[in-house]
Amino acid sequence: MTTPTTVIVALDWTPNGNHLGFYVAKDRGFYKDAGLDVRLVSPHDAAYAGSYLEPDAENPSPGKYVTPCSKVADGSAHFGVNSPEGVVGWNTSGPERPRLKAVAALLFDRNTSAIVTLKSSGIDAPNKLDGCKYASYAARFEGRIVQKMIQADGGVGEFNETTPPMLGIWNTLLNGEADATWVFSQWEGCEAKLKNVELNAFPVCDYGMPYAYAPCLCAHPDWLVGNPETARAFLDATARGYKIASEDPIAAAEILVRVARTENDGHAVNPELAKASALYLQNKMIGPSGVWGVMEQRVWDDYLKWLWDAGLLTDGAQSRHPDSGKTFSLDDLRAGKAGNKIPLDQVPTVFTNDYLPTV
């Protein structure tokens, strides 16, 4: 008997609707049939202490800031789920970092995330975020994107950017410890409705930014070159999973709840939230091509040009210990202390459709 090929997928969040296709493919045996042993790693794993999780005696910080794509970069995962600005970040950093490529869009609809505030706060427009506290994921472009959204709505773009452990960010908003944060409409947005928490939502594409695919799946280019058939087999099986999720979202939600419990150390997904999320996403997973995952050159080009025109495409990286040379604080980045502007024609291609199934 042939030993299955192990494929590790580092998720960007605890199991949720954006990940339906992975869980359906695993449950239906699509990965197994392709000769793959796929493992879905959630960021509530102890390896993420200090980034997604608050470190404690049981889960001390590993000494480095671990993210899904840092796991792809160091080879401890084969695929990682990321944001489009994260993809751009990996492709415009120093030579010490690999140029991770987006290989699939998990969702075709690019406007499924939003900056949100509590309706009770009275902050009912981005321009009212001036002077407020924004709970940040500490990403390189994030604070500056929020700043541009505020400015597009007539504000100044001056706010306080705080960085709590990522899995606790949503609760900082609910508990009144932050005024705003960036959420997935399919998850925190649906959760708020289930809890009768009224939100003001500012979808990211509604304020001048032609956002790219969020979230998207990334891989190391060297691994892709060395393992093309494994990559294609994995993406083909995953595409089948997302197709079923789009056709039968209720069944997909039930699978997410059941499989997350066994796959992710007993992690409990709220069944009603899973159902609401799956229904919200039903028509947002697969575009007119009929093929899951396909990305358009125009979408990435428009997003990169917007970043460049807005002055955000610079070589300065964020750091908790900035040196003001190549690394800067989040406050520095928003203040324009962000290194040198990167020529648009020097940005490498950030995505590929080469490993996706065809129609």
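Above this text you will find the structure in question.
This structure is a prediction, so every number in the text was calculated from the model and none was measured.

K.L.:
Now, about the overall build of the protein: what can you tell me, with residues and values included?
P.N.:
What the protein contains, in helices and strands, is 13 helices and twelve strands. A globule of 359 residues ought to have a C-alpha radius of gyration of about 21 Å, and the protein, at 20 Å, matches this closely. For the C-alpha atoms alone, the extent of the protein along its principal axes is close to 60 × 50 × 45 Å. Restricting to contacts in the protein with at least 6 residues of sequence separation, those with at least 24 account for 79%. Counting only carbon and sulfur atoms, one obtains 49% of the accessible surface of the protein, whose full area is about 15,100 Å². Across the protein, the centroid of the 32 positively charged side chains sits 2 Å from that of the 43 negatively charged ones.

K.L.:
So, the pattern of salt bridges: which residues are in play, and what are the values?
P.N.:
Throughout the structure, instances matching the rule amount to twelve salt bridges. The partner of Asp 27 in a salt bridge is Arg 258, and the shortest N-O contact between them spans 2.7 Å. On the criterion of sequence distance, the pair formed by Asp 27 in helix α1 (residues 20-27) and Arg 258 in helix α10 (residues 249-263) is long-range, its members being 231 residues apart. Residue Asp 27 is classed as partly exposed on the basis of its relative accessible area, which comes to 28%. A relative accessible area of 43% means that Arg 258 is categorised as partly exposed.

K.L.:
Go over the environment of Asn 196 with me, naming the residues and quoting the values.
P.N.:
Relative to the elements of secondary structure, Asn 196 occurs in the loop between α7 (185-194) and β9 (199-203). The exposed category is assigned to Asn 196, whose relative accessible area is 71%. For the pair Asn 196 and Val 350, spaced 154 residues apart in sequence, the C-alpha to C-alpha distance is 40 Å.

K.L.:
Describe the packing of aromatic side chains, naming the residues involved and giving the relevant values.
P.N.:
Per the counting criterion, the structure on display carries 14 aromatic pairs. With a centroid separation of 6.5 Å and 65° between ring planes, the pair formed by Trp 300 and Tyr 303 is classed as edge-to-face. On the criterion of helical spacing, the pair formed by Trp 300 and Tyr 303 is a turn pair, its members being three residues apart in helix α12 (residues 297-309). Considered together, Trp 300 and Tyr 303 belong to a single accessibility category, that of buried residues. Taken together, Phe 22, Tyr 31, Phe 79, Trp 223, Phe 234, Tyr 242 and Trp 292 form an aromatic cluster joined through their ring pairs. Between Lys 284 and the ring centre of Tyr 280, over which it is positioned, the NZ or CZ distance is 4.4 Å. Lys 341 extends its terminal NZ or CZ atom over the ring of Trp 308, reaching a point 3.8 Å from the ring centre.

K.L.:
If you had to explain the nonpolar core to someone new, which residues and values would you point to?
P.N.:
With 55 residues, the main nonpolar core has Val 9, Phe 22, Tyr 23, Phe 79, Leu 217, Phe 234 and Leu 235 as its most contacted residues. A total of eight residues in this core trace back to one element, the largest contributor, which is helix α9 (residues 228-247). Dropping the residues within four chain positions of it, Phe 22 is found in contact with Val 9, Leu 11, Tyr 31, Leu 40, Val 81, Leu 106, Leu 217, Phe 234, Thr 238 and Tyr 242. The next biggest cluster of nonpolar side chains, apart from the first, holds 50 residues, and it includes Ala 10, Ile 123, Leu 312 and Leu 313.

K.L.:
Account for the side chain of Arg 144, with residues named and values stated.
P.N.:
Here Arg 144 shows up in helix α5 (residues 142-152). Buried Arg 144, no salt bridge; nearest opposite-charge side chain is Glu 161, N-O distance 8.1 Å. When neighbours within four sequence positions are excluded, Arg 144 is seen to be in contact with Gly 311, Leu 312, Thr 314, Leu 333, Arg 334 and Ala 338.

K.L.:
Which residues make up the sheet that holds strand β5 (residues 113-118), and what values go with them?
P.N.:
Taken in spatial order, the five strands of this open sheet run β7-β6-β8-β5-β9, and their pairing is mixed. Looking at strand neighbours, the two that pair on one side only are β7 (160-162) and β9, the edges of this open sheet. Neighbour-to-neighbour, the strand axes of the sheet open up by a mean angle of 30°, direction not taken into account. Sitting on the sheet, α7 touches β5, β8 (180-184) and β9, and the angle it makes with β8 is about 110°.

K.L.:
How would you sum up the packing of α7 against helix α11 (residues 271-281)? Please name residues and give values.
P.N.:
α11 packs onto α7 with a crossing angle of 125° between their chain directions and a minimal axis gap of 9 Å. Of the possible angle classes, the one that applies to α7 and α11 is oblique. Seen from above, α7 lies across α11 with right-handed handedness. Contact with α7, carried on its side by Ser 185, Gln 186, Trp 187, Cys 190, Glu 191 and Leu 194, involves Glu 272, Leu 273, Ala 274, Ala 276, Ser 277, Tyr 280 and Leu 281 of α11 and no other residues of that element. For the contact of α7 with α11, the per-class residue count stands at eight nonpolar, three polar and two charged.

K.L.:
Could you give an account of the packing of α10 against α11, naming the residues involved and the relevant values?
P.N.:
One way to put it is that α10 packs onto α11 with a least axis distance of 8 Å and a crossing angle of 140°. Taken together, α10 and α11 sit at an angle that is classed as oblique. Note on packing geometry: the crossing formed by α10 with α11 is right-handed. For the pair α10 and α11, contact is made by Pro 249, Ile 250, Ala 253, Leu 256 and Val 257 and by Pro 271, Ala 274, Lys 275, Ala 278 and Leu 279, respectively. Classifying every residue of the contact of α10 with α11 gives nine nonpolar, no polar and one charged.

Conventions used here
Residues numbered from 1 in each chain as written. Predicted model: local features only at pLDDT ≥ 70, side-chain atom pairs only at ≥ 80, totals over all residues. Heavy atoms only, no water. Helix = DSSP H or I, 4+ residues; strand = E, 2+ residues; numbered from the N terminus. Rg over C-alpha atoms; globule rule 2.2 N^0.38 Å. Contact = heavy atoms within 4.5 Å. Areas by Shrake-Rupley, 256 points an atom, 1.4 Å probe, with all protein chains shown as cover. Lys, Arg positive; Asp, Glu negative; His and termini not counted. Charge placed at Lys NZ, Arg CZ, Asp CG, Glu CD. Salt bridge = Lys/Arg side-chain N within 4 Å of Asp/Glu carboxyl O. Buried < 20%, exposed > 50% of the residue type's maximum accessible area, 1.4 Å probe, protein only. Phe/Tyr/Trp six-rings, centres within 6.5 Å; stacked < 30°, edge-to-face > 60°. Lys NZ or Arg CZ within 6 Å of the ring centre and 35° of its normal. Core = buried A, V, L, I, M, F, W, Y, C linked by side-chain atoms within 4.5 Å. Pairing = 2+ DSSP bridges. Axes fitted to C-alpha atoms, helices over the stretch in contact; angles between N-to-C directions. Parallel < 35°, antiparallel > 145°, perpendicular 65-115°, else oblique. Left-handed = near helix turned anticlockwise from the far one by under 90°. Nonpolar A, V, L, I, M, F, W, Y, C, P; charged D, E, K, R; others polar.

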